Amino acid sequence: MNENTAANLQSCVRCGGMFWYQGIGKRICNKCKKEDDAQFEIVKNYVYENLSATIMEVSKETGVRVARIKAFLREGRLIIPDNSAIFLNCEVCGVNIKFGRICRTCADTLTGEIKKAMDVTEYEIGEKPSTNVGKMRFLTRDND
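Along each chain, residues carry numbers from 1 onward, in the same order as the chain's sequence is written. Only residues with pLDDT of 70 or above have their local features reported here, since the model is predicted, and side-chain atom pairs are shown and tallied only from 80 upward, although totals for entire chains, interfaces and linings are computed over all residues. Side-chain figures throughout are based on the complete set of non-hydrogen atoms in the structure, without hydrogens or water.

Here pLDDT means the predictor's own confidence in every residue, given as a number from 0 to 100. Mean pLDDT for the protein chain: 79, with 81% of residues reaching 70 or above. Ranking the helices and strands of the protein chain by mean pLDDT puts helix α3 (residues 55-62) first, with 92, and strand β8 (residues 137-138) last, with 52. Numbering of helices and strands runs from the N terminus; a helix is a DSSP stretch of H or I covering at least four residues, while a strand is a stretch of E covering at least two.

Structure below.
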């Protein structure tokens, strides 16, 4: 076993199981990733059929924890509607955002090195809500 191989052996942040980390994406094992993807499909399908559902309603009806649904929002996989009373907050300035981790204004002011250190992807840069009426939705219906 060489140094690179040993460095890629990781402990899953969800279940604690060991797996070979490929250097990209979340540090979760394949079993947890499959579970995560299955829960996302359940949430996505429910939201598609119930566009005005709140996070609590989605959680209650799908059995997916609120924390997991919020993670889907932070990852940019789901979007909160403009007319919602509840939004996520930018991790830098605290302004309301519909999805992601930081707002566009803060993202534009961060240098590339800081973005890399924060591990922020383009999908995690959220939009501020507008005053238009909207519904919770996902980026694409066929999100794989």
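Moving on from the coordinates now.
Each Phe, Tyr or Trp ring, with Trp reduced to its six-membered ring, pairs with another whose centre is within 6.5 Å; inter-plane angles below 30 degrees give stacked pairs, above 60 give edge-to-face pairs, and intermediate values give tilted ones. Counting across every chain of the model gives two aromatic pairs. Where F19 meets Y21, the ring centres are 6.4 Å apart and the plane angle is 85°; that geometry is what we call edge-to-face. One exposure class covers both F19 and Y21, and it is buried. Between the aromatic rings of F40 and F72, the centroid separation amounts to 5.2 Å while the plane-to-plane angle is 80°, which identifies the pairing as edge-to-face. Within this pair, whereas F40 is found in helix α2 (residues 30-49), its partner F72 is found in helix α4 (residues 66-74), the two being separated by 32 residues in sequence. F72 shares its class with F40; the two are buried. Comment: the charge-over-ring label is applied if NZ (Lys) or CZ (Arg) is within 6 Å of the ring centre and within 35 degrees of the ring normal. The ring of F40 has R77 sitting right over it, with the charged end atom 4.0 Å from the ring centre. Accessible area is worked out with a 1.4 Å probe on protein chains only. A residue is then buried under 20% of its type maximum, exposed over 50%, and partly exposed in between.

Glancing now at the environment of R104. As for its placement among the helices and strands, R104 is situated in helix α5 (residues 104-109). Among the residues examined, R104 registers a relative accessible area of 36% and is labelled partly exposed. Sequence separation of R104 and K128 is 24 residues, and the distance between their C-alpha atoms is 8.1 Å.

Within the largest apolar cluster, 23 residues are counted, with the highest numbers of intra-cluster contacts made by V43, V58, I69, L73, L78 and I102. Going through the elements one at a time, α2, α3, α4, β6 (102-103) and α5 are the ones with two or more residues in this core. Contacts are assigned to residue pairs that have any heavy atoms within 4.5 Å of one another. Residues within four places of V43 in sequence aside, it is in contact with V58, T62, V64, I69, F72 and L78. By nonpolar core is meant a set of buried Ala, Val, Leu, Ile, Met, Phe, Trp, Tyr and Cys residues that side-chain atoms within 4.5 Å join together. F19, I28, C29 and C32 belong to the second largest nonpolar core, which has six residues in total.

Let us now look at α4. Residues three or four positions apart in an α-helix share a direction because the helix packs 3.6 residues into each turn. For α4, the complete set of buried residues consists of R68, I69, A71, F72 and L73. Those residues of α4 that are buried lie in contact with α2, α3, β3 (78-79) and β4 (88-89). The positive-phi residue at the C-terminal boundary of α4 is G76, with phi of around 80°.

This part covers α2. In this model, α2 (20 residues) spans 29 Å end to end at C-alpha, consistent with the 28 Å of a helix rising 1.5 Å per residue. Residues C32, D36, F40, V43, K44 and V47 constitute the buried set of α2. Projected down its long axis, α2 shows its buried positions confined to an angular sector of 105°, all on one face. What points out from α2, more than 90 degrees from its buried face, is the exposed set N30, K31, K34 and E49. Helix span is expected to be 1.5 Å times the residue number reduced by one. Note that the arc is defined by the directions from the helix axis to the C-beta atoms.

Inspection of the secondary structure assignment puts Q39 in helix α2. A sequence separation of 23 residues divides Q39 from T62, and the C-alpha atoms of the two residues are 8.4 Å apart. Apart from the residues within four sequence positions on either side, Q39 is in contact with V64, R68 and F72.

The subject of this paragraph is the pattern of salt bridges. Each reported salt bridge corresponds to a side-chain nitrogen of Lys or Arg within 4 Å of a carboxyl oxygen of Asp or Glu. Per the stated rule, a full pass over the model turns up nine salt bridges. K33 serves as the salt-bridge partner of D37, at 2.9 Å between the closest nitrogen and oxygen. Of the two residues, D37 and K33 are both situated in helix α2; the distance of four residues between them amounts to about one turn of the helix. With a relative accessible area of 41%, K33 lands in the partly exposed category.

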